[in-house]
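Reading the structure
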Amino acid sequence: MNYYSTRNKTEKRRFAQAALGGLAPDGGLYVPETIPALPASVVASLAAMTFAETAFETVRPFVRGDVPDAVLGDIVQSAYPFDAPLVPVGRFSVLELFHGPTAAFKDFGARFMARVFSYLRRGEDRPLTILVATSGDTGGAVADGFFGVEGVSVTVLYPKGRVTPLQEKQIAGLHGNISAVAVEGSFDDCQRLVKEAFRHDGLRKTFDLTSANSINIARLIPQAVYYVAGAGKGARGAISITCAVPSGNFGNLTAGLYAREMGAPIAGFIAATNVNKTVPDYLETGVYETRPSQATISNAMDVGAPSNFERLAAHWSLDELRALMRGVWVTDAETRETIQRVHAETGYTLDPHGAVGWKAAEKSVTEKAATEPPPPIAILETAHPAKFAETVEPIVGKVPLPPSLEKALTRDVESITIPPDIETLVDYLKRRH
Ligand SMILES: *Cc1c(COP(=O)(O)O)cnc(C)c1O
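For clarity, every value in this text was computed on a predicted model and none was experimentally measured.

The rules behind the values
- Residues numbered from 1 in each chain as written.
- Predicted model: local features only at pLDDT ≥ 70, side-chain atom pairs only at ≥ 80, totals over all residues.
- Heavy atoms only, no water.
- Helix = DSSP H or I, 4+ residues; strand = E, 2+ residues; numbered from the N terminus.
- Rg over C-alpha atoms; globule rule 2.2 N^0.38 Å.
- Buried < 20%, exposed > 50% of the residue type's maximum accessible area, 1.4 Å probe, protein only.
- Contact = heavy atoms within 4.5 Å.
- Pairing = 2+ DSSP bridges.
- Near = heavy atom within 4 Å.
- Polar contact = N/O pair within 3.5 Å; in protein donor to acceptor, adjacent residues only side chain to side chain.
- Areas by Shrake-Rupley, 256 points an atom, 1.4 Å probe, with all protein chains shown as cover.
- Nonpolar A, V, L, I, M, F, W, Y, C, P; charged D, E, K, R; others polar.
- Axes fitted to C-alpha atoms, helices over the stretch in contact; angles between N-to-C directions.
- Left-handed = near helix turned anticlockwise from the far one by under 90°.
- Arc of directions from axis to C-beta.
- Salt bridge = Lys/Arg side-chain N within 4 Å of Asp/Glu carboxyl O.
- Expected span 1.5 Å × (residues − 1).

A few words now on the overall build of the protein. When helices and strands are tallied, the protein shows 20 helices and 14 strands. Computed over its C-alpha atoms, the radius of gyration of the protein comes to 21 Å, within 12% of the 22 Å expected for a compact globule of 433 residues. Split into buried and exposed, the 433 residues of the protein put 57% on the buried side. Nonlocal contacts in the protein, meaning residues at least 24 apart in sequence, comprise 75% of its contacts between residues at least 6 apart.

So, in structure tokens, the structure goes:
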């Protein structure tokens, strides 16, 4: 399979180059040349397949030529000892994406990416060094995904004192091939340091550097898997499901569109955002206008300039996007009210991101003329509610931690603190590696 840059169709790369490169040299994002179709026999047996089997069938055409079947089989087996159950809750179903080690859906992408990087780098003498800046969640998923993976070392930069204690343990509690750097500054400082590191001649001579942020195609492709699996289980006969997707950078939703294009029984999408509603506004007005992000209680979606929009626009026109999805945005007050009401009515605890998805689905159903019976809707629950205890517990009471988070809490944090200065970071990296 070939990939091309969203900014230049002639800028073609194999999967291996696109994955290890991250961004295209022209600053664009890599997209697949074609979106492959799943064999009809696979679509027909989805309901009976294990998650790892579905992962194998979904990912295989995207990595053909670069990852042999036997290797891919091992990668998905080791990446996914957990799955994504589709649970009926009240009038909807919830696709639970929080059963991985860091209790958020980013585990699906990070764990695959780590293993595929290790394979693609086999036989290299120098380890691959991954630099990643995080405001909290991504760093934990990347650190956990790459922990113990041979031939790869990871340095996570996070803003000192601005992540939760649990997040810090996820980032800085693993040790081994993962190192953590607390930067005296903001997330933006961390991100700037990573960018400066990539441009630093001295570093680039010594290290094979790459990043693991969400625009990497190797994190996106495996996210199509839970849509294929969930749709296979949730579709009722000839009636496909609709997916409500809590969105920030729109990587998750882009992966859903790939899954639908591949033939998963998905009718369409609800693009659910908080007040950072750049994409819902675009779908409504046809004008794409990025803006500074606003802080909300669903903070993993506080994005005013969604990085994956460039991919959406490369594949689909405005009219096509309007036919595929409905954009709905939700306020913090509505999010809190939804967590409270769904808990009271069903006993189910949503996290703030999933609650945005649920509320958007409700709005979408009432806005549409009442169709009987209503189409099946799956709400993507992108994180475990215990990760956002400070918001959820005042509304519904104590939320027990899942075992993976319980375990993370027992870890010892070990990180170094640096000022937001590139030469200090460079010195640290040279000493460590
Ligand atoms: C990252 C994240 C999102 C947003 O996903 P995108 O792919 O950026 O749209 C939603 N919910 C949670 C919990 C996340 O961590």
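Before going further, it helps to spend a moment on the pairing of strand E1 (residues 2-5). Pairing of E1 with strand E2 (residues 8-14), which is carried by four bridges, proceeds in the antiparallel orientation. By the bridge assignment, Tyr3 is partnered in E2 with Arg13. Hairpin connection from E1 to E2: two residues lie between these consecutive antiparallel strands. Judged from the three bridges that link them, E1 and strand E3 (residues 30-32) form a sheet pairing that is antiparallel. Bridge pairing in E3 places Tyr4 opposite Val31.

Taken together, the neighbourhood of the ligand is formed by 15 residues, with Lys106, Gly248, Asn249, Phe250 and Thr382 sitting nearest. In this structure, Asn249 approaches the ligand through a main-chain N or O atom, which is 2.8 Å from an oxygen atom. A distance of 3.2 Å is found between an oxygen atom of the ligand and a backbone nitrogen or oxygen belonging to Gly251. The protein chains hide 95% of the 380 Å² of surface that the ligand would expose on its own. Residues that form the shell around the ligand fall into these classes: six nonpolar, seven polar and two charged.

Bringing the packing of helix H4 (residues 69-79) against helix H5 (residues 106-120) into the picture now. Across the interface, H4 lies against H5 with an axial gap of 9 Å and an inter-helix angle of 145°. The two elements H4 and H5 cross, and the hand of that crossing is right-handed. In this structure, H4 contributes Val71, Leu72, Ile75, Ser78 and Ala79 to the contact, and H5 contributes Arg111, Phe112, Arg115, Val116 and Tyr119. Classifying every residue of the contact of H4 with H5 gives seven nonpolar, one polar and two charged.

Moving on: the packing of helix H6 (residues 137-146) against helix H7 (residues 165-172). Between H6 and H7, the shortest axis-to-axis distance is 8 Å and the interhelical angle comes to 30°. Viewed along their axes, H6 and H7 form a crossing whose handedness is left-handed. Taking contact as the criterion, the partners of Asp137, Gly139, Gly140 and Ala143 in H6 are, on H7, Gln167, Gln170 and Ile171. Grouping the constituent residues of the contact of H6 with H7 by class yields two nonpolar, four polar and one charged.

Next up on the list: helix H20 (residues 422-432). For an α-helix, 3.6 residues make a turn, and residues three or four places apart therefore share a direction. Of the residues making up H20, those classed as buried are Ile422, Leu425, Val426, Tyr428 and Leu429. All buried residues of H20 fall inside an arc of 160° around its axis, so they share one side. Where H20 is buried, its residues contact strand E6 (128-133), strand E7 (152-159), strand E8 (178-183), helix H8 (187-199), helix H9 (201-206) and strand E14 (416-418).

Here we come to the pattern of salt bridges. This model, assessed by the stated rule, comprises 20 salt bridges. Residue Glu362 pairs with Arg341 through a salt bridge whose shortest N-O separation is 2.9 Å. Highlighted residues: Glu362 in helix H17 (residues 352-367) and Arg341 in helix H16 (residues 332-346), separated in sequence by 21 residues. There is no split in this pair, since Glu362 and Arg341 are both buried. In this structure, Glu362 engages Lys359 in a salt bridge whose closest nitrogen and oxygen atoms are separated by 4.0 Å. With a gap of three residues between them, Glu362 and Lys359 both fall in helix H17, about one helical turn apart.

Right, let's get into the side chain of Asp208. Here Asp208 is to be found in strand E9 (residues 208-211). Side chain to side chain, Asp208 and Arg121 meet in a polar contact 2.9 Å long. Here Arg126 takes part through its side chain, which lies 2.6 Å from a polar atom of the side chain of Asp208. Ignoring any residue separated from it by four or fewer positions in sequence, one finds Asp208 in contact with Arg121, Arg126, Pro127, Leu128 and Thr129.

Attention now goes to helix H3 (residues 51-63). The end-to-end C-alpha distance of H3, which contains 13 residues, comes to 18 Å, matching closely the 18 Å that a straight helix rising 1.5 Å per residue would cover. Most of H3 sits out of view: ten of its 13 residues are buried. Among all positions in H3, only Phe51, Ala52, Thr54, Ala55, Phe56, Thr58, Val59, Pro61, Phe62 and Val63 are buried. Phi for Gly65, located one or two positions after H3, is positive at around 95°.

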